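Coordinate analysis (summary)
Listed here are the chains, written in short residue letters.
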Amino acid sequence: MIRTMLRVRARPGAEQRVRSAWRTAAAQIGALPGNLRRELFLDANDPHTFVLVTEWADDDALHDYENGPVAAHLADALRDGCEPATADDHLVMRDEPDGDPTILVDVEVTVPADRLAEFHRGHAEVTARMSGVPGYLREDLLREPDSDVHHIFAEWRTGAEFHRWVANPAHAREEAGPIAPFLLDFRRRLFHPTTRPGVDRAASTGRETDVHTTTDVLIVGAGPTGLTAAVELARRGIDCRVVEKSVAPPGQADKAIGVHCRTMEIWAEQGIVREAMDAGNWLTGNVVFVNGTQTHRMSWELPGLPYAHLGLPQYETERLLTDRLATLGVRPQRGAELTGFTQGSDGVLATLTLADGSIRTVRAQYLIGADGAHSRVRDLLGLTFSGGLGRFPQLFMLADVDVNWDMPDGHLLRFLHETDGRMDGMLVCVPLRGQGRYRIATLAPPRFFAQTGGRDAPPGFSEELAEPTLDDVQAALDRLAPPGTKAANLRWSSVFRISHGIVDRYGHGRVFVAGDAAHLHPPAGGQGMNTGIQDAWNLAWKVALAVRGIAAPGLLDSYEAERRPEGEEIVGRAVRMAFTDELDRADLERQFLQEMSLLLSYADSPLVGECVTDPDGLRSGPRPGDRAPDLGGLRRQGVGHPLRLRDLTAGTRHTLLLYADASAEPAALAAVPGLCADVRALTRGEVDAYLLLSPDAGAPGPAAPPVVVDAGGEFRTRYGVTGTALYLVRPDGHVGFRSQPIDADALRKNLHLVFGGAR
């Protein structure tokens, strides 16, 4: 028996064309002499990739098919809708050995729909574990359309190595354990690759310009920044590919913990805020001690917050974002390292090195470097840190331990020691989920610094110098924490040095950097991860418009114009606060709101503007560039409960909020339908419009946009509107433009700054 497997990748939007072409061909193939099977598989990690499978009784039957009209018609049907196939995309194999020692294994398993996420997480872990097994080369995860059946299709160097691994009963625990519950009932088939006359299975030109994959946006890095960018692009229907050098996700809480209130708002928009709250713990305040005396205590449970401050380890954040991305049909490719790229006026050509040493090239319209503190994208772009990369001379240690003290639940604790007004000791304790569990940061024991000779610790130095011990943690507690405090159950520990700086540019041409690739700062305030998420939140909607060809020429330049000043301010503030009690005692509430990114404004952005005839008009409302605050008390016909403003502005498009009260001129209201029609045409439907009316305003005409009544007057009060007015809210939740009264011409001019490419 002979099996063929042809991998094809549909161009964006052509997926249904591939399915239709295969359905037609499969019916014809089934009628050919010698055909035993014909199936369509989907790549479980790439919704655009299909695998066409046929099985034949003998070489003659396959030869007749490949040289006959059915195969020719199928090739013609796929040509325009698919990317060009390479030699590696076509596999031919037999169920009996044919001289090649390589063995191909097809494991068929059934995965219930309600356990799909569990299976995919487990399979990713299995793939990472298998990379170290002798003889194992690679595998693909395929699934049958509209079915619970999945196929794990693996390649081994030799049959002997595969059978040796199978014969070892420990392998189920050591490598396959994460998906063991799904292997209780499976079907396995073995195949051997074959070399046929005139066919070279390994044929390749070997030239770097061979393009293996095309996509709209290539994202380098599968941390919170890269995953956020991918989710936002995928929500907008933009084809994107995420590659990550690490073969496995992180497994310990050695990175960010604090999730800011503004980030929680973003997660509500993305649909993961409930899962985050379920997995995390609330950070409800902070307490500061100096030389053993409490100097400050503040509650972070302030009225009016959209969400409170959440504690969630970064590995959980990455899990939630990865799962959300999977629902949009995108899965990060792990074990894929960016090694180079070139760019031109029409796109970027990137080179990747995979875990098995093979080289792949990807062509994309844009590339986003979210690859962290040691960013390869940043280096390849030639970006430098303004003023150089700063490093604190001290070494710090982190530890995950249980602590037995009587401290307020949910509070971040800071213990400082000062001598002659100079701080010479610090201990920061962040509560984790679990009774008495904390992530502790403090100065590393002197022996670590002594062993480095005062120089920068080399990569992997925590392994070279050994990890801090429970005794090291206890010594810090003995010096700085309340008397009698004891630490126990050390789960992990590490040593690190703090670097800080910001790059001179946030990108060049079609390549951008975001997150730690763009800015590094001390962990004070937990800014790193949250700032990176904000970078991606700002950039992704702009890139999406550029991919679709409707972005104004300067839209992508606004990413740096808006985000770099914010990054610079955050880096500077974090450096200043690193060795203080981190308090602006004059206005503690404002400082907290600033740390939580709720006061973030792009007021100096070239994209934002206003037209207000009365100097006092809209004075109490959010300014252009400010975050558009949420509010309640809105009523819409047919809805049995009050709406919030976020119910109107949520989504992937701009939102135009037009307001009118009883004093509005009838002519102004009569012009609203025409204005909305013009806006939709100008932006190709990228703006949703609503007419907000005060309760005493007259009913609009039938052609008006959807009407919402400001029943409680909250919009009027919070946004400072009277008469007629408008606010344009961007997809990232910031005010792009406002006017009072409604100024249609000024609005159109502002929209041209964003949608200059639309016609």
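Treat the numbers as computed from the prediction; the structure is a model and nothing was measured.

Rules and cut-offs
Every chain's residues receive numbers from 1 upward, in the order its sequence appears when written. The predicted origin of the model limits local features to residues at a pLDDT of at least 70 and limits the giving and counting of side-chain atom pairs to 80 or more, whereas totals for whole chains, interfaces and linings rest on all residues. Here the side-chain values reflect all heavy atoms present in the structure, with hydrogen atoms and water set aside. A run of H or I in DSSP becomes a helix once it reaches four residues, and a run of E becomes a strand once it reaches two; helices and strands are each numbered from the N terminus. Within these notes, the globule rule equals 2.2 Å times the number of residues to the 0.38 power, and the radius of gyration is based on C-alpha atoms. We call two residues contacting when some pair of their heavy atoms lies within 4.5 Å. For the area figures, the Shrake-Rupley method with a 1.4 Å probe applies, and any residue is considered shielded solely by the protein chains shown. Pairing between two strands requires that DSSP report at least two bridges joining them. Under this definition, polar contacts are N or O atom pairs within 3.5 Å; protein pairs additionally need one hydrogen-donor-capable and one acceptor-capable atom, and for neighbouring residues in sequence, both atoms have to be side-chain atoms. An automatic or database domain assignment supplies the residue ranges for each domain. Between N-to-C directions, angles span 0 to 180 degrees; the directions come from axes that are lines fitted to C-alpha atoms, helices contributing only their stretch in contact. Each angle gets one of four labels, with under 35 degrees taken as roughly parallel, over 145 as roughly antiparallel, 65 to 115 as roughly perpendicular, and the rest as oblique. Should the near helix be turned anticlockwise from the far one by less than a right angle, the crossing is termed left-handed; should it be turned clockwise, right-handed. Only Asp, Glu, Lys and Arg are considered charged, only Ala, Val, Leu, Ile, Met, Phe, Trp, Tyr, Cys and Pro nonpolar, and every remaining residue, Gly among them, polar. Pairing of aromatic rings covers Phe, Tyr and Trp, the last counted by its six-membered ring, and requires centre-to-centre distances within 6.5 Å; plane angles under 30 degrees mean stacked, over 60 mean edge-to-face, and any other angle means tilted. Only protein chains enter the calculation, and the probe is 1.4 Å; a residue is then buried if its accessible area is under 20% of its type maximum, exposed if over 50%, and partly exposed in between. Grid points spaced at 1 Å and placed over the protein atoms alone form the basis of the search, with a cavity being a set where a 1.4 Å probe fits but cannot get out and a pocket an open set showing protein on both sides within 12 Å along at least five of seven lines. Lining residues have an atom within 4 Å of a point. Grid points are joined across faces, edges and corners, and a volume is the space filled by probe spheres set on the points. Salt bridges, as used here, are contacts in which a Lys or Arg side-chain nitrogen is within 4 Å of a carboxyl oxygen on Asp or Glu. Starting at the helix axis, one direction is taken to each C-beta atom, and the arc is that of these directions.

**Let's talk about the overall build of the protein**
Each helix and strand counted, the protein has 22 helices and 35 strands in total. Against the globule reference of 27 Å for 759 residues, the protein gives a C-alpha radius of gyration of 29 Å, in line with a compact fold. A principal-axis box enclosing the C-alpha atoms of the protein has dimensions of 85 × 75 × 50 Å. Across the protein, every contact between residues at least 6 apart in sequence was considered, and the portion connecting residues at least 24 apart equals 73%. Here the protein displays about 32300 Å² of accessible surface, and carbon together with sulfur accounts for 50% of that area.

**Considering the sheet that holds strand β15 (residues 310-311)**
Taken in spatial order, the three strands make up an open sheet running β11-β15-β12, and their pairing is antiparallel. A strand with exactly one partner marks an edge of an open sheet, and here the two such strands are β11 (258-259) and β12 (281-282). When β12 meets β15, the two strands line up antiparallel, connected through two bridges. For W282, the partnering residue across the bridge sits in β15 and is L310.

**Quick word on the side chain of T284**
Relative to the assigned elements, T284 resides in the loop between β12 and β13 (285-290). Among the polar contacts made by the side chain of T284, one reaches the side chain of H411 at a distance of 3.3 Å. Once you skip the residues sitting within four places of it in the chain, T284 turns out to touch M298, S299, W300, E301, D409, G410 and H411.

**Quick look at the domain arrangement of the protein**
Its domain assignment divides the protein into domain 1 (2-94), domain 2 (103-194), domain 3 (213-284 + 305-386 + 502-578), domain 4 (392-497) and domain 5 (609-753). Each of domain 4 and domain 5 was reduced to a C-alpha centroid, and the two centroids are 51 Å apart.

**With respect to the packing of helix α7 (residues 224-235) against helix α15 (residues 527-547)**
Between α7 and α15, whose axes approach to 8 Å, the crossing angle comes to 30 degrees. The angle between α7 and α15 falls in the class roughly parallel. When the axes of α7 and α15 are compared, the crossing they make is right-handed. On the side of α7, the interface is formed by P224, T225, T228, A229, E232, L233 and R235, while α15 contributes M529, G532, I533, A536, W537, A540, V543 and A544. Class assignment for the residues of the contact of α7 with α15 results in ten nonpolar, three polar and two charged.

**Focus on the packing of aromatic side chains**
Summed over all chains, the structure comprises 15 aromatic pairs. Centroid distance F119 to F182: 5.1 Å. Interplanar angle 75 degrees. Geometry classified as edge-to-face. With F119 in helix α4 (residues 116-130) and F182 in the loop between α6 (171-174) and β8 (186-193), this residue pair connects regions lying 63 residues apart in the sequence. With a centroid separation of 5.5 Å and 65 degrees between ring planes, the pair formed by W156 and F162 is classed as edge-to-face. Using a relative accessible area of 2% as the deciding quantity, one classes W156 as buried. Pairwise contacts between aromatic rings join Y136, W156, F162 and W165 into one cluster.

**Observations concerning empty space enclosed by the protein**
Under the definition given, this model contains three cavities of 30 Å³ or more. Every residue lining the largest cavity is counted, 13 residues in all, and those nearest its centre are E269, W537, R646, P731 and G733. Going through the elements one at a time, α8 (261-270) and α18 (646-649) are the ones with two or more residues in the lining of the largest cavity. Top element by residues in the lining of the largest cavity is α8. It accounts for four residues. Of the residues that constitute the lining of the largest cavity, the class distribution is five nonpolar, two polar and six charged.

**What to know about the sheet that holds strand β4 (residues 90-94)**
If you walk around this closed barrel you meet the eight strands as β1-β3-β2-β6-β7-β5-β8-β4, and the pairing is antiparallel. Across the sheet, the mean angle separating the axes of adjacent strands is 35 degrees when strand polarity is ignored. Relative to strand β3 (residues 49-56), strand β2 (residues 35-43) is paired through seven bridges, and the arrangement is antiparallel. Counted as the bridge partner of R38 is T54 from β3. Where helix α1 (residues 15-30) meets the sheet, it contacts β1 (2-9), β2 and β3, and its direction lies at approximately 170 degrees from that of β2.

**Details of the pattern of salt bridges**
Taken as a whole and judged by the stated rule, the model has 48 salt bridges. Salt-bridge contacts for R37 lead to E55; the nearest nitrogen and oxygen are separated by 3.6 Å. Of the two residues, R37 is situated in strand β2 and E55 in strand β3; the sequence distance between them amounts to 18 residues. Put simply, E316 and R319 hold a salt bridge, and the shortest N to O gap is 2.7 Å. Here E316 pairs with R319, and both are found in helix α10 (residues 314-327), just three residues apart, close to one helical turn. A relative accessible area of 29% means that R319 is categorised as partly exposed. Within the structure, one salt-bridge network assembled from shared partners comprises R3, R37, E39, E55, D106 and R189.

**What about the pairing of strand β24 (residues 437-443)?**
In terms of burial, β24 is a largely internal element, five of the seven residues being buried. Of the pairings in the sheet, the one linking strand β21 (residues 396-403) to β24 comprises seven bridges and is antiparallel in character. Within β24, the residue paired with L398 across the bridge is A441. Hairpin remark: strand β23 (residues 422-431) followed by β24, antiparallel, with five residues in the connecting loop; positive phi at G434, about 125 degrees.

**Considerations on helix α2 (residues 59-66)**
Those residues of α2 that fall on the buried side of the exposure criterion are A61, L62 and Y65. Down the axis of α2, the sector holding all buried residues measures 95 degrees, keeping them to one side. Those residues of α2 that are exposed and aimed more than 90 degrees away from the buried face are D60 and D64. The secondary structure elements touched by the buried residues of α2 are β1, α1, β3, α3 (69-79) and β4. Two to three positions downstream of the cap, the backbone nitrogen of D60 sits 3.3 Å from a side-chain oxygen, assigning the N-cap of α2 to D58.

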